[in-house]
4 protein chains.
Amino acid sequence: MNFRTDLAIELAQQLGDTVSQDYQSVQQKEDGIAVSHTKILTPKGEKQFGKPAGDYITVEVVPFSDSVTDSAREAEVIARQIKFLLPEQDGLVLVVGLGNLSVTPDALGPRVIDGILATRHLAGEWERVAKKDRLRPVAAIAPGVLGQTGIETSEIIACLCEKIKPSCVIIIDALAARSLKRLGRTVQLSNTGISPGSGAMNRRRELSRETLGAPVISMGVPTVADGVTVGCDLLAVEGVSGEEAARTLFAPEGQSMLVTPKEIDLLIDRASKILAMAINRALQPSLTQEELSFFVS
Amino acid sequence: MNFRTDLAIELAQQLGDTVSQDYQSVQQKEDGIAVSHTKILTPKGEKQFGKPAGDYITVEVVPFSDSVTDSAREAEVIARQIKFLLPEQDGLVLVVGLGNLSVTPDALGPRVIDGILATRHLAGEWERVAKKDRLRPVAAIAPGVLGQTGIETSEIIACLCEKIKPSCVIIIDALAARSLKRLGRTVQLSNTGISPGSGAMNRRRELSRETLGAPVISMGVPTVADGVTVGCDLLAVEGVSGEEAARTLFAPEGQSMLVTPKEIDLLIDRASKILAMAINRALQPSLTQEELSFFVS
Amino acid sequence: MNFRTDLAIELAQQLGDTVSQDYQSVQQKEDGIAVSHTKILTPKGEKQFGKPAGDYITVEVVPFSDSVTDSAREAEVIARQIKFLLPEQDGLVLVVGLGNLSVTPDALGPRVIDGILATRHLAGEWERVAKKDRLRPVAAIAPGVLGQTGIETSEIIACLCEKIKPSCVIIIDALAARSLKRLGRTVQLSNTGISPGSGAMNRRRELSRETLGAPVISMGVPTVADGVTVGCDLLAVEGVSGEEAARTLFAPEGQSMLVTPKEIDLLIDRASKILAMAINRALQPSLTQEELSFFVS
Amino acid sequence: MNFRTDLAIELAQQLGDTVSQDYQSVQQKEDGIAVSHTKILTPKGEKQFGKPAGDYITVEVVPFSDSVTDSAREAEVIARQIKFLLPEQDGLVLVVGLGNLSVTPDALGPRVIDGILATRHLAGEWERVAKKDRLRPVAAIAPGVLGQTGIETSEIIACLCEKIKPSCVIIIDALAARSLKRLGRTVQLSNTGISPGSGAMNRRRELSRETLGAPVISMGVPTVADGVTVGCDLLAVEGVSGEEAARTLFAPEGQSMLVTPKEIDLLIDRASKILAMAINRALQPSLTQEELSFFVS
């Protein structure tokens, strides 16, 4: 059975070995926060993971639905991973938030965009007024989903990229995890683009350097798990192979039910704030935390 | 193991027999919609169900997350059940929406209140202006949850009842189901009040004729299921008794995870509109559907 | 003084004559609803109005903040004006909602988009399933405002138009009126595009056949009035010319205060529903009102 | 003509003298923030102001619609005024947010309640867990408006007070100002309760020590101005007495139009956060700013 997950770390754990000729997976702590780095190296590794070769970084955060979190520290560690993945050359960054604002578990992308400091239109104004280093030009858009717009998101983004020629595109999306435990507790970053069929919400077209003409960093937080997958995992623990049973319970109408935690509103609220903070810090190192809060409310 | 559910019908199905000396459960169709009526008769029945004696009615609706629904017909069938449970004498009805507006799966109660036609303050005004039969006096309140107010909901409702002396109280709350399949597809009504420890969201105090001084009708829609319960059900299907395994997967921090469908926003939106429509129709039979839409947007 | 208004009808009333060589303004009733049609004919007319030559239609609706409205009839009359302005040939229509969803008086555009039936991606699916006439292909987008995205709205729309080649673009925006009385009571439609400097919210770039490569229909509802303008009007009624005084009261910081009615939430809610309904009916004449409600909630 | 305003400072300015036998009005700066203190002393003063004898404090803040504000300092100055008005004895405080969450200019009260730290139900838990001084017991409620509930707000609050016996009630409400310049720039506090007929939104019943059985502190921010009043002011500046003209422009349907700034969403957002912060600081001096943010998101 094809376990449905967007998280490279879950696949790595499933494969067992942490290092092989085809991929390597390293775990470490940064400022007390668990960071794992999985690198898929060969076509064989690509096949094992069902994902393109490249870097997959996982930051394990305090559950976003918890009331006591140290957001600033977590944002700092995530910002560091973004910087690691960012191409060296400077220049315009386009931040894209995928998803549907009216569907809470799918609202991560648009909600992050609300918190991004867009600066492309400010040109030299800021430097003149604030007598500070120049800001990195940033554009930000939440294009909506196919069902709302009638236009594939990839079409919208591709034509925008042709127009504004970003040096890098950062794409935020809600993800699917295999394990309920991961929901709202993991941030995944990668430099491989978003491939067809992946994503929590069944989005179809590729968003990558090939289609957009610029390197792509994708970031996401798992917000849903597939009921059938969760059920199969549970049965596997007990040594039973019961996809049929899982399907009966979790796919009543033949279509699998995606589940999300009761605390999904809080999860999305916290996750989108931390991700926006991390992106702003990575892209505007010359601004203090206080200055960033001024501009983005 | 004590399967956690607020639905009498799930308990009845579990008990097996549909009729006994202690309870009876009847299924029928009204206008093509499945309606079940479970009556708990004796203290032994109360013990079997873990619920007070009285009537429990279940209306099975088209999944609230479906886009094609026949809301008007469903509201009509639900309105009929409300009328069946309403005490005969006329008089003021207080409608109470329990829950937290900011937690989507718990927002059912407050959202229903938004759609209730409150008329208590209109006194004779409507009759004079519209030259129509008099309206039944209705008051409506969403008091918030303990964590927001610092006051037990039961305290607020009890003191309001002392003040305005309703002839009947209708209480709306989000419920927990044992089966994922029930989420957003069932409306439960009962005339037994709400007992301590029940409710999807762990609300503690009793709301009943004893505590409020007026007959209580409670209405709810299951919006969450307990992961551990769902897992145990799945294992039971396969003949395995694995509460431990279920607990590992669904209660990562020792605390069971409540899950809700990805489509929870749509579910709450539809469910709250249909319930409000049903209550308005049951309480204001002299108003046409069109007149009701005028007043409640 | 340059009275600030986006409404051709206010300018026509100010000019006095209803017909001249340079423009003509006709008032009539359709289904009991007042419809005015102003046609600017010559460059001199363009100068008098400060607006490009073309058709400007005004539909006077029951105040959107009123609770009793006959939305269906109003939507029908507005749909008729859209059909009048639509180019004859069939083909893809792109609907664009300008404005900022988080600023209530500026949320008209994005809120209308929420109610538009996007069909471009459905291709032949609908016809196959519903055995109905084919749907007109429609795409819909709310691109956000410059301050959020860092990208001029005109850049986003222009590149989308290059990509999807619509046969017509419908643009919805909130407008500024000179008179408080007009707020939420007027729908203006025109076939002249949106010119620089107009619009309630100070948006700058032209959106027209020249920049987008397709005919443009613009639709709007006035949601704000300029305090200084309102004040000057008031003084003029009393025969006083007191821009200074008006400026002191209405432009405390040197920047004029735009005001909106207290009932702005209701106004936007109603206006966006009626406009979306009108657009859907104009673009999909083969669908019944009921079918439209199925698809757009 | 009876100028409609809820702000004592506007009335004081109108009366001319800052000190008389019947009232006194003092202006000063605290931490660079303008604070005025008007004390109405005698029945004659009550008549002149149309307000009960007592203290009226006005804090002039950076416009709430401005993006750069020093919220912490402003909250501190407002907290000091609350402490000045609070009765000396300790004990339960009930915070009440008047208004309608769905009407943006009237949402101040409910939005402040969202940010209040309710502690009444925590009893000794906090002290045990945090090993800190005990928290002051606080309850908080946003009871909704008469049109939604069918119950006078004063009835709800009075019966709650009988039940939970607060030592003090703090009431938050949106206010009407006479001058547009005051909207979103002034916080008024008083210890005289809320009298019939006052309030921006036409709420009718008295909320005072007499009706609630506990001292009442009321706090508010002006969010609307009466168009007719604004117009008359403007004409008065020009030496014209033109209520008729003002009425024609600002009360098209015979009913005066209340206007609010275009930036009302931002205004309400900022104002509610600062007021909640000020109340929390005044009531829980043992908590640091950081601890307060932990509990109230």
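Residues numbered from 1 in each chain as written. Chains lettered and ligands numbered in written order. Predicted model: local features only at pLDDT ≥ 70, side-chain atom pairs only at ≥ 80, totals over all residues. Heavy atoms only, no water.

Attention now goes to the overall build of chain A. Across its full length, chain A carries 12 helices and 9 strands. Residues counted as buried form 59% of the 297 residues belonging to chain A. Considering only residue pairs separated by 6 or more positions, chain A has 74% of its internal contacts joining residues 24 or more positions apart. Carbon and sulfur atoms make up 48% of the accessible area of chain A, which totals about 11,800 Å². (Helix = DSSP H or I, 4+ residues; strand = E, 2+ residues; numbered from the N terminus. Buried < 20%, exposed > 50% of the residue type's maximum accessible area, 1.4 Å probe, protein only. Contact = heavy atoms within 4.5 Å. Areas by Shrake-Rupley, 256 points an atom, 1.4 Å probe, with all protein chains shown as cover.)

Residues and elements named next belong to chain C. Taking burial as the measure, the 10 residues of strand E6 (residues 168–177) include 10 buried ones, the bulk of the element. Strand direction decides the pairing type here: strand E4 (residues 93–97) and E6, joined by 5 bridges, are parallel. Residue pairing in the sheet places Val96 in a bridge with Ile171 of E6. As judged from the 9 bridges shared by E6 and strand E8 (residues 216–226), these two strands associate in the parallel manner. Within E8, the residue paired with Ala176 across the bridge is Val224. (Pairing = 2+ DSSP bridges.)

What follows concerns the packing of helix H9 (residues 227–237) of chain D against helix H10 (residues 243–250) of chain D. Residue and element names in this part refer to chain D. Their axes nearest at 8 Å, the elements H9 and H10 cross at an angle of 140 degrees. One finds that H9 runs oblique with respect to H10. Regarding H9 and H10, the two cross each other, and that crossing is right-handed. Taken together, the residues of H10 that come into contact with H9 (itself represented by Gly227, Val228, Gly231 and Cys232) are Glu243, Ala246, Arg247 and Phe250. Among the residues forming the contact of H9 with H10, the class breakdown is 4 nonpolar, 2 polar and 2 charged. (Axes fitted to C-alpha atoms, helices over the stretch in contact; angles between N-to-C directions. Parallel < 35°, antiparallel > 145°, perpendicular 65-115°, else oblique. Left-handed = near helix turned anticlockwise from the far one by under 90°. Nonpolar A, V, L, I, M, F, W, Y, C, P; charged D, E, K, R; others polar.)

Moving on, we come to the interface of chain D and chain C. As a measure of interface size, the accessible area lost when the parts come together is often cited. Counting from both sides, the interface comprises 32 residues of chain D and, opposite them, 32 residues of chain C. Between chain D and chain C, a total of about 2,900 Å² is buried, with carbon and sulfur atoms accounting for 74% of that surface. The largest per-residue losses of area from chain D upon contact with chain C belong to Leu234(D), Leu249(D) and Lys262(D), which jointly make up 24% of the total buried on that side. Remark: the boundary between chain D and chain C carries 0 salt bridges. Where chain D meets chain C, there are 5 residue pairs in polar contact (both at pLDDT 80 or more). No other element matches the 6 residues that H9(D) contributes to the side of chain D that touches chain C. Residue composition of the side of chain D that touches chain C, by class: 19 nonpolar, 6 polar and 7 charged. (Buried area = accessible area lost by both parts, 1.4 Å probe. Salt bridge = Lys/Arg side-chain N within 4 Å of Asp/Glu carboxyl O. Polar contact = N/O pair within 3.5 Å; in protein donor to acceptor, adjacent residues only side chain to side chain.)

Residues and elements named next belong to chain B. Most of strand E3 (residues 54–60) is tucked away, with 6 of its 7 residues classed as buried. As paired strands, strand E2 (residues 33–40) and E3 are joined by 6 bridges and run antiparallel to one another. Counterpart to His37 in the pairing with E3 is Ile57. With 5 bridges connecting them, E3 and strand E7 (residues 186–190) associate as antiparallel partners. Paired with Val59 across the bridge in E7 is Val187.

Turning next to the relation of the copies chain A and chain B. Overlaying chain A with chain B gives an RMSD of 0.0 Å, the required rotation being 180 degrees about an axis along which the chain moves by 0.0 Å. These values place the two chain copies in the arrangement generated by a two-fold rotation axis. When the interface residues of chain A are mapped onto chain B, 100% of them are again interface residues, pointing to one common binding face. (Least-squares fit on C-alpha atoms with pLDDT ≥ 70 in both.)

Further remarks concern the packing of aromatic side chains. Residues and elements named next belong to chain A. Scanning all chains against the criterion turns up 4 aromatic pairs over all chains. Consider the rings of Tyr23 and Phe49, whose centres lie 5.0 Å apart with planes at 80 degrees: the pair is edge-to-face. With Tyr23 in strand E1 (residues 23–30) and Phe49 in helix H2 (residues 43–49), this pair connects stretches of sequence that are 26 residues apart. Of the residues examined, Phe49 reaches a relative accessible area of 4% and is grouped as buried. (Phe/Tyr/Trp six-rings, centres within 6.5 Å; stacked < 30°, edge-to-face > 60°.)

To continue, consider unusual backbone geometry. Residue and element names in this part refer to chain C. One non-glycine residue with positive phi stands out, namely Asp31, at about 50 degrees. In this fold, Asp31 is placed in the loop between strand E1 (23–30) and strand E2 (33–40). One non-glycine residue, Lys165, lies in the positive phi region at around 50 degrees. Its place among the elements puts Lys165 in the loop between helix H7 (153–164) and E6.

Let's shift gears to the interface of chain A and chain B. With 32 residues of chain A at the interface, the matching set in chain B holds 32 residues. Summed over both partners, the interface of chain A with chain B buries about 2,900 Å², with 74% contributed by carbon and sulfur atoms. Taken as a group, Leu234(A), Leu249(A) and Lys262(A) account for 24% of the area that chain A buries against chain B, more than any other trio of residues on that side. Taken together, the links from chain A to chain B amount to 0 salt bridges. Run the count over chain A and chain B and you get 5 residue pairs in polar contact (both at pLDDT 80 or more). Within the residue set of the side of chain A that touches chain B, elements represented by two or more residues are helix H9 (227–237), helix H10 (243–250) and strand E9 (258–261) of chain A. When residues of the side of chain A that touches chain B are assigned to their parent elements, the largest contribution, 6 residues, is made by H9(A). Taken together, the residues of the side of chain A that touches chain B break down into 19 nonpolar, 6 polar and 7 charged.

This next bit is on the relation of the copies chain D and chain C. The two copies are related by a screw operation: chain D maps onto chain C through 180 degrees of rotation and 0.0 Å of translation along the axis, at an RMSD of 0.0 Å. The residues that chain D uses at the interface reappear at the interface of chain C in 100% of cases, marking a shared surface.

Here the structure, examined in full by the defined rule, presents 45 salt bridges over all chains. The salt bridge partner of Glu162(B) is Lys163(D), with a shortest N-O separation of 3.9 Å. Taken as a pair, Glu162(B) in helix H7 (residues 153–164) and Lys163(D) in helix H7 (residues 153–164) lie in two separate chains rather than in one. The exposure class of Lys163(D) is partly exposed, given its relative accessible area of 36%. Here the salt bridges share partners, and the residues they tie into one network are Glu30(A), Asp31(A) and Arg80(A).

Turning to the confidence of the model for chain A, a few remarks are in order. Looking at chain A as a whole, the pLDDT averages 87, with 90% of positions reaching at least 70. Predicted complex metrics record ipTM = 0.90 and pTM = 0.92. (pLDDT = per-residue confidence, 0-100.)

Within H10(D) the residues assigned to the buried category are Ala245(D), Ala246(D), Leu249(D) and Phe250(D). For H10(D), the angular spread of the buried residues around the axis is 110 degrees, confining them to a single face. Where H10(D) is buried, its residues contact helix H9 (227–237) of chain C together with H9 of chain D. (Arc of directions from axis to C-beta.)

Right, let's get into the side chain of Ser218(B). Within the secondary structure layout, Ser218(B) lies in strand E8 (residues 216–226). Other than its neighbours up to four places away in sequence, Ser218(B) contacts Ile171(B), Gln188(B), Leu189(B), Ser190(B), Gly193(B) and Ile194(B).

Another point: the environment of Ala282(D). Residue and element names in this part refer to chain D. With respect to the helices, strands and loops of the structure, Ala282 is situated in helix H11 (residues 264–283). Sequence spacing of Ala282 and Gln27 is 255 residues, and the spatial spacing of their C-alpha atoms is 22 Å. Once you skip the residues sitting within four places of it in the chain, Ala282 turns out to touch Ala79, Ile82, Lys83 and Leu86.

Further remarks concern the environment of Arg136(A). All names here are of chain A. Inspection of the secondary structure assignment puts Arg136 in the loop between helix H5 (125–130) and strand E5 (138–141). Note on Arg136: relative accessible area 10%, which makes it buried. Sequence separation between Arg136 and Leu283 is 147 residues; the distance between their C-alpha atoms is 6.5 Å. Not counting residues up to four positions away in its chain, the partners in contact with Arg136 are Leu86, Gln89, Asp90, Gly91, Val93, Thr119, Ser167, Leu283 and Gln284. Of note is the side chain of Arg136, whose polar atom sits 2.8 Å from the backbone oxygen of Gly91.

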